[in-house]
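Listed below, chain by chain, are the residues.
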Amino acid sequence: MVETLETLATSVDISWTLIAAALVFFMQAGFAMVETGLTRAKNAGNIIMKNLMDFSIGTPLYWFIGYGIMFGGTGALIGGFDLFSMSSDDFTSMIFQTVFCATAATIVSGAMAERTKFISYCIYSGFISLLVYPVSGHWIWGGGWLAQMGFHDFAGSTAVHMVGGVAAFVGACILGPRIGKFDKNGKPRAILGHSMTLAALGCFILWFCWFGFNGGSTVAMSGGAAYDAARIFFTTNLAAAMATLTVMIITWVRYKKPDVSMTLNGSLAGLVAITAGCDLVTPVGAAIIGIIAGFAVVFGIEFVEKKLKVDDPVGAVGVHGVNGALGTILTGLFAYYGDTKGLFYGGGFGFLGVQIIGVLAVMAWVAATMFVLFTVIKKTIGLRCPAQEEIEGLDLHEHGLASAYPDFVPATGITDLETATAVEIETGDADVDEAVPVQIITKPATVTASDVKLSKVTIVTRQSKFEELKTAMNKIGVTGMTVTQVLGCGVQKGKPEYYRGVAMDMNLLPKIQVDIVVSKVPVSKVIEKAKKALYTGHIGDGKIFVYDVENVVKVRTGEEGFDALQGEE
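Residues numbered from 1 in each chain as written. Predicted model: local features only at pLDDT ≥ 70, side-chain atom pairs only at ≥ 80, totals over all residues. Heavy atoms only, no water.

**Student:** Give me the packing of helix α1 (residues 2-37) against helix α7 (residues 196-215): which residues, what numbers.
**Tutor:** Two numbers describe how α1 lies on α7: the axes approach to 7 Å, and their chain directions differ by 160°. Compared by their axis directions, α1 and α7 come out roughly antiparallel. For α1 against α7, the interelement crossing comes out left-handed. In terms of residue class, the contact of α1 with α7 is built from 21 nonpolar, 6 polar and no charged. (Axes fitted to C-alpha atoms, helices over the stretch in contact; angles between N-to-C directions. Helix = DSSP H or I, 4+ residues; strand = E, 2+ residues; numbered from the N terminus. Parallel < 35°, antiparallel > 145°, perpendicular 65-115°, else oblique. Left-handed = near helix turned anticlockwise from the far one by under 90°. Nonpolar A, V, L, I, M, F, W, Y, C, P; charged D, E, K, R; others polar.)

Put into C-alpha cells, the structure is as follows:
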C-alpha cells in the first residue's frame, strides 16, 4: 500500500510538471502576439518567425550542451559538459527546463524588433540557449555559488526574465533605434503598434500560462505541495492585478487617458516581479510588489527611451529587465514563509544582501557575454538590416512575404458607415473655414445646363460624418459619389495624445474620401452644404478640394460630358 501511494504521488507530481511545461511552452504564443501587436504590420511575419526559431533553435542546443552546463554537476561555476544530456534520464526535468530556457531567449526579440537581420537573430538566440542562460541558471538552480549562498529565485525573475531583459538592453543599445524613432534633437517619436487586439490577447495568454510558470515550479502536486501551489497561484495573480491597476492609474494621471499598451506591460511587469518570491511572500507582500512593479515599468520604460535614447518597441527592458531585478530584490524584503525571512519580517540584511549580489552578478555575466557576442556579429555578418529593408518591411525582404495580412484592410466597411446611427459630436469653437478648409485647384465657373463645364469635388472627412454628408448631397441633387477608405496623416493641433508616454505629433487616422463630379449642380452649393454637414468646430473636420475635369464618359451608353452625368446609373 505504501509503495502504491508513493507511485501515485510520483505520477501526480510528474503529471503536474508536464502540464506546467506545456503551459510555459504556450507562453511562446503569448510573447509572439504581444510583440507582433506592438510593432508594425510590415514586420509581423518576421516577428512570428523569430519567436518560432527561439524555441526550435534553442531546444536542440539546450539538449546538446546547455542542460549539462546547468544541471550536470554541483560545481560553483558550471555543472558539467554532458553532451546530448547522455547522463540524464529525467525527461520531466529536461522538458520543463527547456521551455524555461526558450522563454529567456524570446524576450530579446521584442527590444530588437523591426531592424535586426534574421540570420543574426538566429545566431544570438541560439547562443543564449547554448551558454548564457545555462551558466547563470546553474548558479541559481543547479547548485552553483549563488545557490550555495542562499540566493532565492523561485521561478525565474532573475534566472529567466532579467537574463532576457539585460540581453535585450545590450542588443538594443548596439543595434540602434529604428529609423524615425528620434528626431534630430533626440526627442522620441511615437511609432504605434498595429494591433492592440493581438497585444491584449498575448497578454491574457501570458497571464494564464504564468500559473504554470510559477505554480509549476513546485514540480510537485502531492501532499503539502498542492497547498503551496495554490498560494503561489494566488500571489501571482494578485501581483499582476495590482500592477495592472497601478499602471492604468499612473497613465491616466500622466497622459490624461489610460494607456492601453502600457497597461498591458503593467500586467506583465507584475507577473515578472512576483516570480522570484511567489512561494515566500504573503498576499499583502504580493500586492505591494505588484504596485511597485507598476511604477517601475512606467518610469523604467520612459527612462530607457527618453533619457538613455534606447529604442525598445515592446518595453522588454522595463518589463523583464527592470522588474526581474526588482522582484528578486523585493523578495529579500517581503519573504515570510519558509526558513528564510525577509528584512520586513525580522530576517535582517543578510538575505537581502545575497539577493542584491545575485542580481548584480547575473547582470554582469549577461551584459559582458552579450556585448561581446553582439559586437562580433556586428563586425562580421552585420547585426542590422539595410535601411531600405527596414523602411519597406522585413516581411518582404527577409521572408519574401508581401504582407502578413493579404486579405485584410484596416478600415471600417462602407456598409457599416451607411447603417450606423449618427453620433452626436461635441462641438468646438474653431471657425468653419478653419475646421473644413477648401482648396480650389482651378477655380470653377458657375455651371448652367447648357455648359459643358465639369468639376470634381473631393471631400476627406471623418468616417462618422458620411451619413450626414450623403443626406446633404442628395437634397441638392447629387446622387452619385465614389467613397474610398483612406488613412489621413497629419499634425493635429490642440491637446496632444500619448502612446507609451510619448506625445503623438503625427498619426494615421481612418478617414473617408468622397469624390463627386458635378455639372448642373453649382460647385459653390456642393461646398456650402458639405461644410455645413461636416462642421463640428474642431480642427480636422475635413478638407475639400476642387478640380477641373476634362471629360466624363458613361460606359453603358457612350454618353460624354454633361450628358454622362444626368440620370441614374
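**Student:** Tell me about the environment of Lys511, and name the residues and values.
**Tutor:** Of note, Lys511 is situated in strand β6 (residues 507-518). Once the C-alpha coordinates of Lys511 and Thr484 are considered, the two residues, 27 residues apart in sequence, prove to be 8.6 Å apart. In contact with Lys511, other than residues within four places in its own chain, are Val460, Thr461, Arg462, Gln463, Thr484, Gln485, Val486, Gly488 and Gly540. (Contact = heavy atoms within 4.5 Å.)

**Student:** Describe a nonpolar patch on the surface, naming the residues involved and giving the relevant values.
**Tutor:** Side chains of Met1, Leu5, Leu8 and Val12 sit close together on the surface and give an oily, nonpolar patch of about 430 Å² of accessible area. Positionally, Leu8 belongs in helix α1. Owing to a relative accessible area of 51%, Leu8 belongs among the exposed residues under this scheme. (Patch = residues over 30% accessible without salt bridge, like charges linked within 9 Å, V, L, I, M, F, W, Y side chains within 5 Å. Areas by Shrake-Rupley, 256 points an atom, 1.4 Å probe, with all protein chains shown as cover. Salt bridge = Lys/Arg side-chain N within 4 Å of Asp/Glu carboxyl O. Buried < 20%, exposed > 50% of the residue type's maximum accessible area, 1.4 Å probe, protein only.)

**Student:** Tell me about the nonpolar core, and name the residues and values.
**Tutor:** Residues Tyr124, Tyr133 and Met370 are the most contacted members of the largest nonpolar core, which totals 103 residues. Those residues within four positions of Met370 in sequence are excluded, and the remaining contacts are Tyr124, Ile128, Val132, Ala167 and Val170. Counting residues in hydrophobic clusters, the runner-up holds 21 residues, among them Ile459, Leu469, Ala533 and Leu534. (Core = buried A, V, L, I, M, F, W, Y, C linked by side-chain atoms within 4.5 Å.)

**Student:** An account of the pattern of salt bridges is needed here, citing residue identities and associated values.
**Tutor:** Summed over all chains, the structure comprises 11 salt bridges. The partner of Arg40 in a salt bridge is Glu114, and the shortest N-O contact between them spans 3.0 Å. Remark: Glu114 occurs in the loop between α3 (91-111) and α4 (118-141) and Arg40 occurs in the loop between α1 and α2 (44-71); sequence separation between them is 74 residues. The salt bridge involving Asp311 is made with Arg178; its shortest N-O contact spans 2.7 Å. Taken together, the residues span a long stretch of sequence, with Asp311 in the loop between α10 (283-307) and α11 (316-334) and Arg178 in the loop between α6 (157-175) and α7 at a distance of 133 residues. Across the pair, exposure class does not vary: Asp311 and Arg178 are buried alike. Each of Arg40, Glu114, Arg178 and Asp311 takes part in salt bridges that share partners, so that together they form one network.

**Student:** Tell me about the packing of aromatic side chains, and please be specific about residues and values.
**Tutor:** Where two aromatic rings form a pair, the distance of their centres and the angle of their planes describe that pair. Evaluated as defined, the whole model comprises 20 aromatic pairs. Ring geometry for Phe64 and Phe84: centres 5.0 Å apart, planes at 70°, overall edge-to-face. Of this pair, Phe64 sits in helix α2 while Phe84 sits in the loop between α2 and α3; the two residues are 20 residues apart in sequence, bridging distant segments of the chain. Here Phe64 falls in the partly exposed class, since its relative accessible area comes to 29%. (Phe/Tyr/Trp six-rings, centres within 6.5 Å; stacked < 30°, edge-to-face > 60°.)

**Student:** An account of helix α17 (residues 466-475) is needed here, citing residue identities and associated values.
**Tutor:** Those residues of α17 lying buried are Phe466, Leu469, Ala472 and Met473. Along the axis of α17, the buried residues cluster in a sector spanning 130°; they form a single face. Where α17 terminates, the next one or two residues include Gly477, which has phi positive at roughly 95°. (Arc of directions from axis to C-beta.)

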